[in-house]
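Examination of the molecular architecture
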Amino acid sequence: MISLQVNGDEHTVDVPDTKPLLWVLREDLKLTGSKYGCGQALCGACTVHLDGQPTRACVVPVSAAAGHRIDTIEAVDQQRIGALVQQAWQALNVPQCGYCQSGQIMAATALLTSNPSPSDRDIDEAMSGNICRCGTYPRIRKAIHKIASEQL
Amino acid sequence: MKPLRQSLPLIFGLALLGLCPSSLAQSPLFAPIYEVLTHPRCLNCHTATDFPRQGDERRRHDQLVVRGDDNHGAPTLQCSACHQDRNVADDEVPGAPHWALAPLSMAWEGLSPQELCVALKDLDKNGNRDLNDLLHHMSEDALVLWGWSPGQNRSRPPYEHEEFVRLLSLWVNAGGPC
Amino acid sequence: MDTMLKRRQFLRVTALAGGGLLVACGGGSSSSPSPTPPDSSNPDSAPGNGGDPAETFAVGEFLRISSDNSIRVLVGASEIGQGALTAIPMIVAEELDADWSRVTSAHSPVAAQFDNPYFGALQFTVASAATRGYFAAQRRAGAAVRHMLIAAAAERWNVEPSTLRTEKSFVIDDANQRSASYGDLAEAAAAQNVPINPPLKDPANYTIIGSTRQRLDAVRKTNGSEIYGMDVDIPGMLTAVIARPPRFFGQPQSVNSNAALAIPGVLEVFTIPSGVAVIANDFWSAEQGRKALEVSWNEALAGRTDSAQTRSNYQASLNLPGVPVRSDGAVLLAQAAASDVLSADYFFPFMAHAAMEPLNVTVDYTGSAAEIWTGSQSQTIDRLFAASILGLLPEQINFHTMTSGGGFGRRGNPLSDYVRDACHVAKTLQQPVKVIWTREDDMKGGYYRPAASVRVSAALDNNGTITAWTHRAVTQDVTSSLYFEEQLDTLAEMELPPLGELNDLETGMPYAIDNVHMDAHLTLIPQMPSLWMRSVNKFSDVFAQETFIDEIAHRYSRDPYHYRREMLGNNPRLLAVLDGVAQAANWGNPPAGRSQGIALIAHWQSYIAQVVEVSVTGDRELKVHRVVSAIDCGTAVNPDLVVAQVESGVIFALSSVLFGEIELRDGVVQQSNFDDYPVLRMHQTPQIDTVLMPSGDNPGGVGEIGVPAVGPALANAIFAATGEQIRELPLKNLNFVIA
C-alpha cells in the first residue's frame, strides 16, 4: 500500500512500487487529465507538479512519489497562476487536439510561478520538454507573455 | 590486485615527474584515469558548456536542457523532471541519486590529461576534496557508480569499476602525479 | 453527392417532451435506429460537454433547441484538433441566427445522416474536407429551422412572417415591440412545414461566420476534462496490449506465455491475426506481461521493405514512363525546340504521423451488440469492419467517435487496422477491453507516409521562359489497400470515396506553361502499410516543383518572387496570396544575415504562398527564423482557427522537413519514440505570421494547405543562402545542425 497526496487529498493505492505515477493517477485514481504520450519523459504530456516542480509522471515510480505533494491539471485552477494560464489558453484558442495541453499548462504554470516575467529564452528553456504535434507553440508563447505582461 | 610495493619504484619516479612542469610527459598512472573521466558517461555532465550532452556522439542534450544556476537545469525544467534516482522505463531514461551537471569548476571538456589532472586535484575546483576524498567519491558515489551501470546499450568507461578504483588508488597512493 | 444534398435538405422536426425542438436530418433510409440508443459521443456523458448525463440522442438528430434556449449541434466530422466541433456549429448557428453563447456541440453517432457530402456516403475526416464538405448543407439546415421558428411566432402573434426578424435566438416583432425566444417557440415550430429551399443569408450579413470565436472545447481542453479514447473507462474494463511482429504481417508461430501470465494482473494471453494480445487488469501489468512474453514469428510472408533498396528502386523507376496524370500540349516538341532542358531528382523518406495520443480502441462486445470508443477520422468504415469481425450488423454497433489527440490521416485508415485488432481481442474476450498502443507500437506500427521519388524537368527558351514541364512521381498508392480482395466483400456495399483524389497526386501545376506532362508510378506493396499523411503527395510533389522553379530562376538571374509572378497571370487568387506574402514578409529585404525563400500551392480549394527566413552558419547550423503565410481559403468560417491551422501546418511541415524519417532495414522499423523520431519543439519554432486574404468564395480546406509549401520555401532560402540544392529530406541527414 502506498499513500499519495494528490491535489490536496490523501489516497492509498495497492499497486506495485514500480508502477509509474502516471498510470496510478489515470487508472487507480481515475484522474485522466494527465496524458500518456511516450512513456520515456520525451514529450511532457504527463507533466504533473511534484512539490511544485514540473515532473514527468510517466517515469516516476509511484513509490518515489509517496511523501511528496502531487498536483495535477484537474486542480491547477486552485493555483492563482494556474487559473490565469487556463484562461489565457482559452482566450487565445491555444488548444487544438488538446492532448498535450495538460502538460503544457502544468509547465507554464510552474514557469510563471517561478518567473513572473519570462523572456523568450526562459520560455524556451522551460517549455521545450513539452511536445505539441498540432503546433500550438506560438500561441503558448503568446499566452505566457500575455499573462506576464497583463496579470503578473 | 598487484601488491603495491612492487610498483613503488615506478610510482616514485612518476611522482617526481608529477612535480615537473606540465610540458613534460603525463603520468602513466593518470592515463587510465583520464580515459575514464573523459568517457561520455562522465564527460556528458562534466561539460564546459551551459548545457549537458547525451549519447556517445555527445550531442547537445535534447529538449533544450540547460545547466541552470545550480547545475540542476532550468528553474522549472530540472534534471529531476525526468531523471529519477535509478534508471527507469526499461532503462531508457537513465537516472541515479542527485543527478545533475558537475559545476563548471569541474568542467573537463577539452582538457588535456595534464590539465584535467591538475584541475581534479585543485581544492578550489573539486569541492575541496583531497586525494583520499577523491578516491572515496569515485569509489562510492552513486552518481559516479551509475557510469558503470548506465542501462540499455549505453557504452561504459573503459575499465570495470573495481579496476578503475584500483588504478585510482595507485594514482592516489602515488600522490596524484600529473 | 447530389442525392446526399437532397437528402440533407429534408429535415424532420419534432417537438421534445417537456418543450423544445429536435431536428433530425431526414431521409436516413440507409440506417435503421440503433438497438441501443447512442448517447453523445462520450461514454460518461462528457464532463464539461454541457450534456445532461441522462440525455440520449436519437440517431439522425443533429440539432436540439431546448426550452431553456440552449442549442446543441451534433457534428458528423471528427474533432482532430482542427476545430470541427466549433466551425461546423458556427455554420448552423449563423443561418439560424442563434445566440452563439448558448450553442454547444458533440460528435454525432455514426449514421448516414451525418455523412460528409464531399465524400457521399461516408463520415470521413480527411482531405481537409470537414468545413468545405458540410458547409452548404449546414447552412440550409440552419436556415430551414429559422424559417420555422419565424413561422411559429407569426402564427402565435397573428402577423406576417415577413414583418419579423431574428437575432441571437429570439424572434423579434419590432412593430409591436415583442419577442420570443427560440426555446419558447420550439415546440410550436416543430409543427411547421419544413421549407425545401429556405432563403440563405447574404454573406454580407454574416455575424458568426467570419468572426473569431473561442473554441467550444477550449475549457475542456484546458482543465483535463476532455475525454479522449485513451481516457475511456467503463465498468469491468480490461486493458490489452498487443505484441506485434518485428516485420509487418509476420505471424505468431509459437508463444510461451508462462512468464507473462506470472506477472500479477496479467489475466490472459492469446493470438489474434496481427499478433499476440496480453490482457490485464491495467496497462502497466499488461505492458510488463508483454515484455515477459516469448514469441517466435513466422516471417515467410512478412514485409522486407528496406529504405535504401526502396530508394534505388524508385530511382530506377524514374527512368520509365508512368501512368499519365496530366498532359497538356506537346512536351516532346517543346523540349526539342528548347534552348535548354534541365531536370532534377528528389527523394523523400517514409514518415510517421506520430499524433500525440497513441492509437487506442475500447470495445464492449456482448455477443449480440457492441459499443466502440475510439478517436477516428473514418468511423463509417471502422464500424463496417468491426461489424464484419464481430459478426454483427453495423447498426448493432454503437460507435462513439472520441475526440482525437491528433490524427493527421493515421486515424483515417480505410483498412481500420487498429479497430480490427481491438475487435479481434474483444471477440475472444467478450468483456469490455481497451487496447492501448504504446508510443513505440504507434511509431513502429506502419501506415506511414510512403517514401517517394520525384523527377521534374523544364524546357526553357533563351529568356528563361519555361516552355515545357514534366513531373514524374514514384510512390506507393495510399489507396491501394482498398483494392485488396479480402476487403472487397466488406466494402462492396458502400459507395467508395473519390479515391484517386485522395492520393492528391496531380500537382495542379499552377504556372502558365503550355506544355505539361505529369505521370506517376503508383506501386502496390501489400507488405508495406502506407497511408495518407497530412497533405499526402502534395508534400513531395510541391517540394520538387517549387524548389526547381527557384533553381531555374537563379540560373536565369530572375528573382524567385517575380519569376513566379510572371507565370501566374491567369491565376488571380494565387497571384494575390503571392503578392500578399511578399509584402508581409518584406520580400527581398530580409534582416541582416538571413535569407528568404518563397513557395506556393493551390489545392483543397484554398491558396497559399509562404516565405521562410533562415540563416545558415559556416558550420551548417541552420536556424529557421520566421515563416510568413498569406492564405485565401474563400470564406474563413472562424478566422482565428484558420490562422491556427496554418500555424499548425507550418510546424508540422518543419518537423517533417527537418527531422521526419522512418527508416526500414530489411523490413524492420528503426525508430521507436520521440528520441529517434524527433519533432519540432518550442525552442526550434520560428516566428510565424499569417495573413488571411479571404476572397469570399466557398470555404476551402485549411487543415493541410499550410504544409506543402513550407519545405520548398525553406529549401529555397537555404539555396539563396548557400547555393546548395536540396534534393532530399530530411535536412538532418544533410549534416545540418538544427538550431
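Predicted model, so just to flag it, every value in this text is computed and none were measured.

Right, let's get into the overall build of chain A. Of regular secondary structure, chain A possesses 6 helices and 5 strands. Tracing chain A from N to C terminus, the helices and strands come up as β-β-α-β-β-α-β-α-α-α-α. Whereas a compact globule of 152 residues would reach a radius of gyration of roughly 15 Å, chain A reaches 15 Å, a difference of no more than 12%. When its C-alpha atoms are laid out on the principal axes, chain A stretches across 45 × 30 × 25 Å. Contacts spanning at least 24 positions in sequence make up 57% of the contacts within chain A whose residues lie at least 6 apart.

A count of helices and strands for chain C gives 18 helices and 29 strands. Within the span of chain C, comprising 739 residues, buried residues form 66% of the whole. In chain C, the proportion of contacts linking residues at least 24 apart, taken out of those at least 6 apart, comes to 76%. On chain C, roughly 24,500 Å² of surface is accessible, and the fraction owed to carbon and sulfur atoms is 49%.

With that out of the way, let us pick up helix H4 (residues 101-114) of chain A. All names here are of chain A. The first and last C-alpha atoms of H4 sit 20 Å apart over 14 residues, in line with the 20 Å expected at 1.5 Å per residue. Among the 14 residues in H4, 12 count as buried, and that is most of the element. For H4, the secondary structure elements touched by its buried residues are strand E3 (47-50), strand E4 (53-56), strand E5 (69-71), helix H3 (80-91), helix H5 (120-127) and helix H6 (137-151).

Okay, the state of the cysteines next. Residues and elements named next belong to chain B. Tallying each qualifying case throughout the model produces 1 disulfide over all chains. The partner cysteine of cysteine 117 in its disulfide is cysteine 178, sulfur to sulfur 2.0 Å. Its S-S torsion of about -80° marks the bond between cysteine 117 and cysteine 178 as left-handed, since a negative value means left-handed. Separated by 61 residues along the polypeptide, cysteine 117 in helix H4 (residues 113-121) and cysteine 178 in the segment after helix H7 (161-173) bring together distant segments of the chain.

Quick look at the packing of helix H17 (residues 639-658) of chain C against helix H18 (residues 710-722) of chain C now. Residue and element names in this part refer to chain C. Where H17 contacts H18, the axes come no closer than 9 Å and their chain directions differ by 60°. As judged from the angle between their axes, H17 and H18 are oblique. Relative to H18, H17 is oriented so that their crossing is right-handed. Touching Val650, Ala653, Leu654, Val657 and Leu658 of H17 are Val710, Gly711 and Leu714, all from H18. Within the contact of H17 with H18, the residues separate by chemical class into 7 nonpolar, 1 polar and no charged.

Attention now goes to the nonpolar core. By size, the foremost hydrophobic cluster in this structure holds 192 residues, and its most contacted members are A:Leu4, A:Leu21, C:Ile466, C:Trp469, C:Ile552, C:Leu714 and C:Leu731. The biggest single contributor to this core is H17(C), with 9 residues. Once you skip the residues sitting within four places of it in the chain, C:Leu731 turns out to touch C:Leu622, C:Val657, C:Leu658, C:Leu714, C:Ile718, C:Ile726 and C:Phe736.

This brings us to the packing of helix H2 (residues 84-96) of chain C against helix H3 (residues 130-157) of chain C. All names here are of chain C. In contact at an axis separation of 7 Å, H2 and H3 are set at 30° when each is read in the N-to-C sense. Between H2 and H3, the interaxial angle falls into the category roughly parallel. The interaxial crossing formed by H2 with H3 has right-handed handedness. Packed against H2, whose contacting residues are Ala87, Ile88, Ile91, Val92, Glu95 and Leu96, the element H3 presents Ala130, Thr131, Tyr134, Phe135, Gln138, Arg139, Gly142, Ala143, Val145, Arg146 and Leu149 at the interface.

Attention shifts here to empty space enclosed by the protein. All names here are of chain C. According to the stated counting rule, one finds 11 cavities of 30 Å³ or more in the structure shown. Lining the largest cavity are 42 residues, with Gln82, Ser128, Gln645, Val702 and Gly703 sitting closest to its centre. Considering every element that reaches the lining of the largest cavity, the biggest residue donor is H17, with 4 residues. Among the residues making up the lining of the largest cavity, the classes are represented as 20 nonpolar, 18 polar and 4 charged.

Moving on: the environment of C:Arg72. All names here are of chain C. Topologically, arginine 72 is positioned in strand E4 (residues 71-75). Distance from arginine 72 to threonine 104, taken between C-alpha atoms, is 4.8 Å for residues 32 residues apart in sequence. Here the side chain of arginine 72 touches threonine 104 through a polar contact of 3.4 Å, side chain to side chain.

Once that is clear, we can look at the packing of aromatic side chains. Throughout the structure, instances matching the rule amount to 17 aromatic pairs over all chains. Relative to B:Tyr34, the ring of B:Phe30 lies with its centre 6.5 Å away and its plane at 50°, an arrangement referred to as tilted. One end of the pair, B:Phe30, and the other, B:Tyr34, are both in helix H2 (residues 30-37), 4 residues apart, so they sit about a helical turn from each other. For the pair B:Phe30 and B:Tyr34, one class covers both residues: buried. Relative to C:Phe543, the ring of C:Phe348 lies with its centre 5.5 Å away and its plane at 80°, an arrangement referred to as edge-to-face. Placement of the pair is C:Phe348 in strand E15 (residues 340-348) and C:Phe543 in helix H14 (residues 538-555), with a sequence separation of 195 residues. Here the two residues C:Phe348 and C:Phe543 agree in accessibility, since each one is buried. Each member of the aromatic cluster is reached from another via a ring pair, and the members are C:Tyr118, C:Phe119, C:Phe124 and C:Trp532. Positioned over the ring face of C:Phe539 is C:Arg449, at 4.2 Å from the centre of the ring.

Before going further, it helps to spend a moment on the side chain of C:Glu94. Residue and element names in this part refer to chain C. You can see glutamate 94 is positioned in helix H2. Here the side chain of glutamate 94 touches isoleucine 208 through a polar contact of 2.5 Å, landing on its backbone nitrogen. Dropping the residues within four chain positions of it, glutamate 94 is found in contact with Lys201, Asn205, Tyr206, Thr207, Ile208 and Ile209.

Residue and element names in this part refer to chain A. Along its sequence, chain A is carved into domain 1 (2-74) and domain 2 (76-151). A straight line from the C-alpha centre of domain 1 to that of domain 2 covers 20 Å. Taken together, the contact between domain 1 and domain 2 spans 17 residues of the former and 15 residues of the latter. Together, the buried faces of domain 1 and domain 2 total about 1,200 Å²; carbon and sulfur atoms form 54% of this surface. Counting across the domain 1 and domain 2 interface gives 0 salt bridges. The interface formed by domain 1 and domain 2 holds 7 residue pairs in polar contact (both at pLDDT 80 or more) in total. When residues of the side of domain 1 that touches domain 2 are traced back to their parent elements, those giving at least two are E3 and E4. With 3 residues, the top contributor of residues to the side of domain 1 that touches domain 2 is E3. A per-class count over the side of domain 1 that touches domain 2 returns 7 nonpolar, 6 polar and 4 charged.

Below, the discussion takes up helix H6 (residues 283-292) of chain C. When you tally the buried positions in H6(C), you get 8 out of 10 residues, the bulk of the element. Here H6(C) has its buried residues at C:Phe283, C:Trp284, C:Ser285, C:Ala286, C:Glu287, C:Gly289, C:Arg290 and C:Ala292.

Interfaces are often described in size by the accessible area the parts lose on coming together. If you look at the interface, chain B gives 18 residues, while chain A gives 22 residues. Contact with chain A buries surface across chain B, with B:Gln63, B:Leu64 and B:Thr76 losing the most and accounting together for 35% of the total. Between chain B and chain A we count 0 salt bridges in total. Counting every contact that joins chain B to chain A gives 3 residue pairs in polar contact (both at pLDDT 80 or more). For the side of chain B that touches chain A, the per-class residue count stands at 10 nonpolar, 5 polar and 3 charged.

For chain C, per-residue confidence averages 91 on the pLDDT scale, and residues scoring 70 or more make up 90% of the total. Every residue in residues 1-9 of chain C is under pLDDT 50, and counting partners more than four places away or in other chains gives 25 contacts.

With that settled, consider the interface of chain A and chain C. Facing the 49 residues of chain A at the interface are 58 residues of chain C. For the pair chain A and chain C, the summed buried area comes to about 4,300 Å², and 56% of that belongs to carbon and sulfur atoms. Our count for the chain A to chain C interface comes out at 6 salt bridges. The residue A:Lys19 makes a salt bridge to C:Asp282 at a minimum N-O spacing of 2.7 Å. Here chain A and chain C share 34 residue pairs in polar contact (both at pLDDT 80 or more) between them. Breaking the side of chain A that touches chain C down by element, the ones donating at least two residues are helix H1 (21-28), H3, H4, H5 and H6 of chain A. Considering every element that reaches the side of chain A that touches chain C, the biggest residue donor is H6(A), with 5 residues. Looking at the side of chain A that touches chain C residue by residue, the classes come out as 23 nonpolar, 16 polar and 10 charged.

What counts, and where the lines are drawn
- Sequence order as written defines the numbering, with residues in each chain counted from 1.
- Each chain is given a letter, starting from A, and each ligand a number, starting from 1, according to the order in which they appear as written.
- Given that this is a predicted model, residues contribute local features only at a pLDDT of at least 70 and side-chain atom pairs are listed and counted only at 80 or more, while totals for whole chains, interfaces and linings are drawn from all residues.
- Water and hydrogen atoms play no part in the side-chain values, which are based on all heavy atoms of the structure.
- Working definition: helices are DSSP H or I runs of at least four residues, strands are E runs of at least two. Numbering for both runs from the N terminus.
- Only the C-alpha atoms count toward the radius of gyration. The rule for a globule is 2.2 Å times the residue count to the power 0.38.
- Contact between two residues is taken to exist if any of their heavy atoms lie within 4.5 Å; hydrogens are not considered.
- Only protein chains enter the area calculation, which uses a 1.4 Å probe; residues under 20% of their type maximum are buried, those over 50% are exposed, and those in between are partly exposed.
- Working definition of accessibility: Shrake-Rupley area with a 1.4 Å probe, residue cover restricted to the visible protein chains.
- Multiply 1.5 Å by the residue count of a helix minus one, and that product is the helix's expected span.
- Cysteine sulfur pairs qualify as disulfides if the two atoms are within 2.5 Å.
- A fitted line through C-alpha atoms represents every axis, and for helices the fit uses only the stretch in contact; the resulting angles, taken between N-to-C directions, go from 0 to 180 degrees.
- Angle categories are assigned with fixed cut-offs, so that under 35 degrees is roughly parallel, over 145 is roughly antiparallel, 65 to 115 is roughly perpendicular, and the rest are oblique.
- Helix crossings are classified by the rotation of the near helix relative to the far one: an anticlockwise turn of less than a right angle makes the crossing left-handed, while a clockwise turn makes it right-handed.
- Put simply, Ala, Val, Leu, Ile, Met, Phe, Trp, Tyr, Cys and Pro go in the nonpolar bin, Asp, Glu, Lys and Arg in the charged bin, and everything else, Gly too, in the polar bin.
- Definition used in this section: a nonpolar core is a set of buried Ala, Val, Leu, Ile, Met, Phe, Trp, Tyr and Cys residues joined via side-chain atoms within 4.5 Å.
- Using a grid of 1 Å spacing that covers the protein atoms alone, one calls a set of points a cavity when a 1.4 Å probe fits there but cannot get out, and a pocket when the set is open and has protein on both sides within 12 Å along at least five of seven lines; lining residues are those with an atom within 4 Å of a point.
- Grid points are joined across faces, edges and corners, and a volume is the space filled by probe spheres set on the points.
- In protein, a polar contact requires one atom able to donate a hydrogen and another able to accept it; more generally it is a pair of N or O atoms within 3.5 Å, and residues adjacent in sequence count only if both atoms are side-chain atoms.
- Aromatic pairs are defined between Phe, Tyr and Trp rings, using the six-membered ring for Trp, whenever the two ring centres lie within 6.5 Å; interplanar angles under 30 degrees are classed as stacked, those over 60 as edge-to-face, and all others as tilted.
- The criterion is that NZ of a Lys, or CZ of an Arg, lies within 6 Å of the ring centre and within 35 degrees of the ring normal, and then a charge sits over that ring.
- The split into domains, and so the bounds of each, comes from an automatic or database assignment of domains.
- For any pair of parts, buried area is found by adding up, for both, the accessible area (1.4 Å probe) each one loses once the two are put together.
- Each reported salt bridge corresponds to a side-chain nitrogen of Lys or Arg within 4 Å of a carboxyl oxygen of Asp or Glu.
- As a per-residue measure, pLDDT reflects the predictor's confidence and takes values from 0 up to 100.

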